[in-house]
Amino acid sequence: MALGAEAPTHLWPRWAPALALLVVGCQVAPLPPPEEPEISDWEDVVAPEEVDSSQVVEAPDGLHGLPLIRITGSAPDLDRMHERVEEEITIPVSIQVGPRTWEGVHMELHGGFARTAPKKTYRLVFPDEDWWETDVLGEETALRRVVLQAAWIDPSFIRNKLTLDGVRDLGGLAPRIGFATLEINGAWQGLYSVIERV
């Protein structure tokens, strides 16, 4: 193909334009702020005490329908792991996702420089006889080793997803990725990427 010639678009995967924006780093003009809705008649606004409690629907576990992963472990062990980031410290924890609980799961910090970030990335290894059966990666699968990635370098959480899905779409080998929310000993940790460890 000659320099400056356009590539045939029928050869582009469906995610190529989004990937091109990320790679090139194009700046897109921000959208104007939404207009404030006008409320002409305040009598139509329902006060909280007037809401029928029988019509209130509980929010699903997690955020916006994402699974909530609850990790419970020894507070001193967790503190030691978070304070001594340069050491390979593995601690036993229990994991709860929905109604199911796994005991004896091994947890450790994951990554190199990412260990020093305020929001930590974790590696989980489930017991040989009791893998995590989940559809968090888009299809029902059993996982033994999982990375809960904080994505501290990518607050949009989209670059890894686009890249790994793109490699898989092109027939390459890449781990599957999904999303979940995380709680450790009752403390909210936020949104995480769930990546199968291969």
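See the structure above.
Predicted, not measured: the structure shown is a model, and the values here were computed from it. (Residues numbered from 1 in each chain as written. Predicted model: local features only at pLDDT ≥ 70, side-chain atom pairs only at ≥ 80, totals over all residues. Heavy atoms only, no water.)

Trainee: Quick one: what's the story with the pattern of salt bridges, residue by residue and with numbers?
Mentor: Tallying each qualifying case throughout the model produces 11 salt bridges. Between Arg-100 and Asp-130 there is a salt bridge whose closest N-O contact spans 2.5 Å. Taken as a pair, Arg-100 in strand 3 (residues 100-109) and Asp-130 in the loop between strand 4 (122-125) and strand 5 (132-134) lie far apart in primary sequence, 30 residues in all. One salt bridge connects Arg-144 with Asp-128, and the closest N-O pair in it is separated by 2.8 Å. Taken together, the positions of Arg-144 in the loop between strand 6 (141-143) and strand 7 (145-149) and Asp-128 in the loop between strand 4 and strand 5 put the pair 16 residues apart, joining distant regions of the chain. Taking relative accessible area as the criterion, Arg-144 reaches 27% and is therefore assigned partly exposed. Residues joined by salt bridges that share partners form a network here, namely Glu-139, Arg-176 and Glu-196. (Salt bridge = Lys/Arg side-chain N within 4 Å of Asp/Glu carboxyl O. Helix = DSSP H or I, 4+ residues; strand = E, 2+ residues; numbered from the N terminus. Buried < 20%, exposed > 50% of the residue type's maximum accessible area, 1.4 Å probe, protein only.)

Trainee: Give a detailed account of the sheet that holds strand 4, specifying residues and quantitative values.
Mentor: If you trace the seven strands once around the closed barrel, you get 1-2-3-4-7-9-8, paired in mixed fashion. Direction aside, the axes of adjacent strands within the sheet are offset by 40° on average. Pairing analysis gives four bridges linking strand 3 to strand 4, with the strands arranged antiparallel. Of the residues in strand 4, the one forming a bridge with Glu-108 is Arg-123. This element, helix 2 (residues 75-83), spans strand 1 (68-73), strand 2 (91-97), strand 3, strand 4 and strand 8 (177-184) of the sheet and lies at about 30° to strand 3. (Pairing = 2+ DSSP bridges. Axes fitted to C-alpha atoms, helices over the stretch in contact; angles between N-to-C directions. Contact = heavy atoms within 4.5 Å.)

Trainee: Provide a residue-level description of a nonpolar patch on the surface, including the pertinent values.
Mentor: The grouping of Phe-113, Trp-152 and Ile-153 at the surface amounts to a nonpolar patch, some 370 Å² of accessible area in total. As for its placement among the helices and strands, Ile-153 is situated in the loop between strand 7 and helix 3 (159-169). (Patch = residues over 30% accessible without salt bridge, like charges linked within 9 Å, V, L, I, M, F, W, Y side chains within 5 Å. Areas by Shrake-Rupley, 256 points an atom, 1.4 Å probe, with all protein chains shown as cover.)

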